[in-house]
Amino acid sequence: QVQVVESGGGLVQPGGSLRLSCAASGTIFSMFAMGWYRQAPGKQRELVASITSDGNTNYADSVKGRFTISRANAKNTVYLQMNSLKPEDTAVYYCKATITPRDIHWGQGTQVTVSS
């Protein structure tokens, strides 16, 4: 059984910063990749950023230069540092843990609201 738990969401003013954390626990021999997705009301879930076990990263164009994903492999933990937040970043942010392409686990999500 694998559990994925996110934390760090909240309300922040435009231009502010937040740091999200995600920890995967359970029977995990090797984690292939971890990533962050988000879903705004009325929109489809979209990739924000991902990182593989060897450090390769991928970002959505809309967050490049503002968000940074990092990972603590030994702890199966991933972080998302979000700077220069915009109202359009408002969404529920979900963590995805990919142990293998056929063994994927999602967290329950954490709300990020950017508003003055």
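Residues numbered from 1 in each chain as written. Predicted model: local features only at pLDDT ≥ 70, side-chain atom pairs only at ≥ 80, totals over all residues. Heavy atoms only, no water.

Further remarks concern the state of the cysteines. Scanning all chains against the criterion turns up one disulfide. Between the sulfur atoms of C22 and its disulfide mate C95 the distance is 2.0 Å. Between C22 and C95 the disulfide shows an S-S torsion of about -80°. By sign, it is left-handed. Taken together, the residues span a long stretch of sequence, with C22 in strand β3 (residues 18–26) and C95 in strand β9 (residues 91–100) at a distance of 73 residues. Of the two residues examined, C22 and C95, each falls in the buried class. (Disulfide = S-S within 2.5 Å. Helix = DSSP H or I, 4+ residues; strand = E, 2+ residues; numbered from the N terminus. Buried < 20%, exposed > 50% of the residue type's maximum accessible area, 1.4 Å probe, protein only.)

Take the nonpolar core next. One finds W36, L80, M82 and Y93 to be the most contacted residues of the largest nonpolar core, which totals 31 residues. Mapped onto this core, the elements with two or more residues apiece are β1 (2–7), β3, β4 (33–39), β5 (46–52), β7 (67–72), β8 (77–82), β9 and β11 (110–114). Ranked by the residues each element gives to this core, the list is headed by β9, at five residues. Residues contacting M82, with those up to four places away along its chain left out, are G16, S17, L18, L20, R66, F67, Y93 and V112. (Core = buried A, V, L, I, M, F, W, Y, C linked by side-chain atoms within 4.5 Å. Contact = heavy atoms within 4.5 Å.)

Here we take up the packing of aromatic side chains. The geometry of two aromatic rings is summed up by the distance between their centres and the angle between their planes. Taken as a whole, this structure holds one aromatic pair when the rule is applied. Arranged with centres 5.1 Å apart and planes meeting at 70°, the rings of Y37 and W106 form a pair that is edge-to-face. Of the two residues, Y37 is situated in strand β4 and W106 in strand β10 (residues 103–106); the sequence distance between them amounts to 69 residues. One Lys or Arg, R45, reaches over the ring of Y94 and ends 3.7 Å from the middle of that ring. Above the plane of the ring of W106 lies R45, whose end atom (NZ or CZ) is 4.7 Å from the centre. (Phe/Tyr/Trp six-rings, centres within 6.5 Å; stacked < 30°, edge-to-face > 60°. Lys NZ or Arg CZ within 6 Å of the ring centre and 35° of its normal.)

All right, on to the sheet that holds β1 then. Sheet architecture is open: four strands sit in the order β1-β3-β8-β7, paired in antiparallel fashion. Every other strand in the sheet has two partners, leaving β1 and β7 as the edge strands with one partner each. If you compare each strand with its neighbour and ignore which way they point, the axes differ by 15° on average. (Pairing = 2+ DSSP bridges. Axes fitted to C-alpha atoms, helices over the stretch in contact; angles between N-to-C directions.)

By themselves, these are just geometric observations and shouldn't be taken as functional.
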